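Coordinates in review
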Amino acid sequence: MSLSITQSLEPAITADEFKAAFRNHPGGVAVITADAGNGPVGLTATSVISASAEPAILAFSVSELSSSTPTILGADTVVVHLLSAEQVDIAKLCATSGIDRFADTSLWSRLATGEPYFVQAQAWIRGRIINSMAAGGSSIVAVEALQASPALSGDAAPGSPLVYHNRRWHTLGDASQI
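Residues numbered from 1 in each chain as written. Predicted model: local features only at pLDDT ≥ 70, side-chain atom pairs only at ≥ 80, totals over all residues. Heavy atoms only, no water.

A look at the overall build of the chain
Here is the rule we go by: Under the scheme used here, helices are H or I runs from DSSP no shorter than 4 residues and strands are E runs no shorter than 2 residues, and both carry numbers assigned from the N terminus. Our radius of gyration looks at C-alpha atoms and nothing else; its globule reference is 2.2 Å times the residue count to the power 0.38. Any two residues having at least one pair of non-hydrogen atoms within 4.5 Å are treated as being in contact. Here, Shrake-Rupley sampling with a 1.4 Å probe gives the accessible areas, and only protein chains in the shown set may cover a residue. Residues scored as positive are Lys and Arg, those scored as negative are Asp and Glu, and His as well as the terminal groups of each chain are ignored. A charge is said to be at NZ when it belongs to Lys, at CZ for Arg, at CG for Asp and at CD for Glu.
Per the secondary structure count, the chain includes four helices and twelve strands. Taking 2.2 N^0.38 as the reference for a compact globule, 178 residues should give roughly 16 Å; the C-alpha atoms of the chain span a radius of gyration of 17 Å, in line with that estimate. For the chain, the C-alpha atoms occupy an extent of roughly 50 × 45 × 40 Å along the three principal directions. Taking contacts inside the chain between residues at least 6 apart in sequence as the whole, the part at least 24 apart equals 62%. When the accessible surface of the chain is totalled, it reaches about 10900 Å², and 53% of it is carbon and sulfur. Across the chain, the 9 positively charged side chains and the 15 negatively charged ones have centroids separated by 6 Å.

Shown next as structure tokens:
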């Protein structure tokens, strides 16, 4: 028997139950930016994963409720910013609805290839969208990594990672190690 992603033999848990379960599951924080020709967009995501090292592929999900989703899905390339605690302001900026996230031109620039990126981000990966799949009220996007920020290839000390847990921003450090 073949089941679609929206069919099930058992009743599904409610959206509130699902959200409550994941509220206690921390996630690294990233910002995804793109420009499909109508100006830059950005959104904050905790769904970024490394899918394959060779070839280098990452994936993330975007909600159909986000105003940035149509541009991201319509773009050929995106920039995925992996944020440290020092960049929590960028995460908050791109998580805020109804504002121009790119109004302050001192925060962002464009790569030589044209994609918008936040210059203070600890690390970023520019990639080409190779596939997307509808998943309920979201889309899962697969991206082939094409370029990494210079900080990723040097000996720069990484900052403390930014983590989102139970509707709050956190960081990891030596005190959080078990």
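Thoughts on the packing of aromatic side chains
To be explicit about the condition: Note on aromatic pairs: the rings of Phe, Tyr and Trp (six-membered ring only in Trp) are paired at centre separations within 6.5 Å, and the planes decide the class, stacked below 30 degrees, edge-to-face beyond 60, tilted for the rest. Only protein chains enter the calculation, and the probe is 1.4 Å; a residue is then buried if its accessible area is under 20% of its type maximum, exposed if over 50%, and partly exposed in between.
Using the criterion set out here, one finds five aromatic pairs in the structure. Between the aromatic rings of Phe102 and Phe118, the centroid separation amounts to 5.4 Å while the plane-to-plane angle is 25 degrees, which identifies the pairing as stacked. With Phe102 in the loop between α3 (88-95) and β7 (108-110) and Phe118 in strand β8 (residues 116-118), this pair connects stretches of sequence that are 16 residues apart. Comparing Phe102 with Phe118, the two get one shared label, buried. Here the aromatic rings of Tyr117 and Trp124 are separated by 5.7 Å at their centres, their planes lie at 55 degrees, and the arrangement is tilted. By relative accessible area, which is 6% here, Trp124 ends up buried. An aromatic cluster of three or more residues is present, and its members are Phe102, Trp108 and Phe118.

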